Amino acid sequence: MIARRYLILLLLLLPVARAQDSDLPRVNLALGFYNIEVEVAATTEARMQGLMGRKSLGEYSGMLFIFPQAERHCMWMKNTLIPLSVAFLDETGRIINIRDMRPLSEESHCAAAPARFALEMGEGWFGKKGFKAGDSVRFPQGMAHIFRK
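Residues numbered from 1 in each chain as written. Predicted model: local features only at pLDDT ≥ 70, side-chain atom pairs only at ≥ 80, totals over all residues. Heavy atoms only, no water.

Scanning the chain from N- to C-terminus turns up four helices and nine strands. The long-range share in the chain, meaning contacts at least 24 apart out of those at least 6 apart in sequence, stands at 68%. (Helix = DSSP H or I, 4+ residues; strand = E, 2+ residues; numbered from the N terminus. Contact = heavy atoms within 4.5 Å.)

This part covers the sheet that holds strand β8 (residues 115-122). As summarised here, the arrangement of the seven strands in space is β6-β5-β8-β3-β2-β1-β9, forming an open sheet in which the pairing is mixed. Looking at the sheet topology across the chains shown, the edges are occupied by β6 (95-101) and β9 (137-138). Of the strand pairs in this sheet, strand β1 (residues 26-31) and β9 are connected by two bridges, and their pairing is antiparallel. Paired with Leu 31 across the strands is Val 137, a residue of β9. (Pairing = 2+ DSSP bridges.)

Moving on, we come to the side chain of Ser 105. Residue placement: Ser 105 occurs in the loop between β6 and β7 (109-110). Looking at Ser 105, its side chain comes within polar contact range of the main-chain nitrogen of Glu 107, at 3.0 Å. (Polar contact = N/O pair within 3.5 Å; in protein donor to acceptor, adjacent residues only side chain to side chain.)

Our focus in this paragraph is the pattern of salt bridges. Counting across every chain of the model gives six salt bridges. With its nearest N and O atoms 3.8 Å apart, the salt bridge here joins Arg 26 to Glu 37. In this pair, Arg 26 is assigned in strand β1 and Glu 37 in strand β2 (residues 34-41), connecting sequence segments eleven residues apart. With a relative accessible area of 35%, Glu 37 lands in the partly exposed category. (Salt bridge = Lys/Arg side-chain N within 4 Å of Asp/Glu carboxyl O. Buried < 20%, exposed > 50% of the residue type's maximum accessible area, 1.4 Å probe, protein only.)

Our focus in this paragraph is the state of the cysteines. A covalent bond between the sulfur atoms of two cysteines is referred to as a disulfide. Per the counting criterion, the structure on display carries one disulfide. Here Cys 74 connects covalently by a disulfide to Cys 110, the sulfurs 1.9 Å from one another. On the sign convention where negative is left-handed, the bridge of Cys 74 and Cys 110, at about 105° about the S-S bond, is right-handed. On the criterion of sequence distance, the pair formed by Cys 74 in strand β4 (residues 74-75) and Cys 110 in strand β7 is long-range, its members being 36 residues apart. (Disulfide = S-S within 2.5 Å.)

Turning next to the environment of Leu 31. By secondary structure assignment, the location of Leu 31 is in strand β1. For the pair Leu 31 and Gly 93, spaced 62 residues apart in sequence, the C-alpha separation works out to 9.9 Å. Once residues within four sequence positions are removed from consideration, Leu 31 is found in contact with Ile 36, Leu 119, Trp 125, Phe 126, Phe 131, Ser 136 and Val 137.

Let us now look at the confidence of the model for the chain. On average, residues of the chain score 86 in pLDDT, and 81% of them are at 70 or above. Below a pLDDT of 50 lies the segment residues 1-20, which in the model reaches seven contacts outside its immediate sequence neighbourhood of four places, other chains included. (pLDDT = per-residue confidence, 0-100.)

Our focus in this paragraph is the nonpolar core. Leu 29, Leu 64, Leu 89 and Leu 119 are the most contacted members of the largest nonpolar core, which totals 20 residues. Those residues in contact with Leu 119 that sit more than four places away from it in its chain are Leu 29, Leu 31, Ile 36, Val 38, Met 63, Leu 64, Ser 85, Val 86, Ala 87, Leu 89, Phe 126 and Val 137. Ranked by size, the runner-up nonpolar core spans 17 residues in total, among them Met 63, Phe 65, Met 77 and Ala 115. (Core = buried A, V, L, I, M, F, W, Y, C linked by side-chain atoms within 4.5 Å.)

Here the focus is the pairing of β6. Both faces of the sheet carry side chains from a regular strand, because those side chains alternate between them. For strand β5 (residues 84-89) and β6, the ladder comprises six bridges, and the chain directions are antiparallel. Bridge pairing in β6 links Val 86 to Arg 99. Hairpin geometry of β5 and β6 is characterised by an intervening segment of five residues between the two adjacent antiparallel strands and by a positive phi of about 95° at Gly 93.

Turning our eyes to something else, we now look at the environment of Ala 115. Position of Ala 115 relative to the elements: it lies in strand β8. Residues within four places of Ala 115 in sequence aside, it is in contact with Phe 67, Gln 69, Ala 70, Glu 71, His 73, Phe 88, Leu 89 and Ile 96.

Written out as structure tokens, the structure reads:
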């Protein structure tokens, strides 16, 4: 009887555990002297899923969205449980603008100019670390083919 209860509990928690785990590739990026580990969302499906369902995000963890081309992309927080900030980046990794986003909101947060990437970190991360528009993210040299079309 007890084993059955644990099995039922495990089956109920499995979708939550899967939402926290990700099979997306991870890379390290540099912002100033900070190194961050990001999951890379380069497919339509990965970009649509984003950080939905996650309950936490490490201080130096985030998600990098790679878009097929530079446009005025927009982000939203539907089904996203944690507050985030998004930095929109041009093709060279220069920050165009940064927006804070409320959890579970369908409000659009858009790039101020054509962006090729969006970098999501915990809410306020960029400001707390002193980053602003015009600063640059350094991509790994060996990964240039992933980041540039």
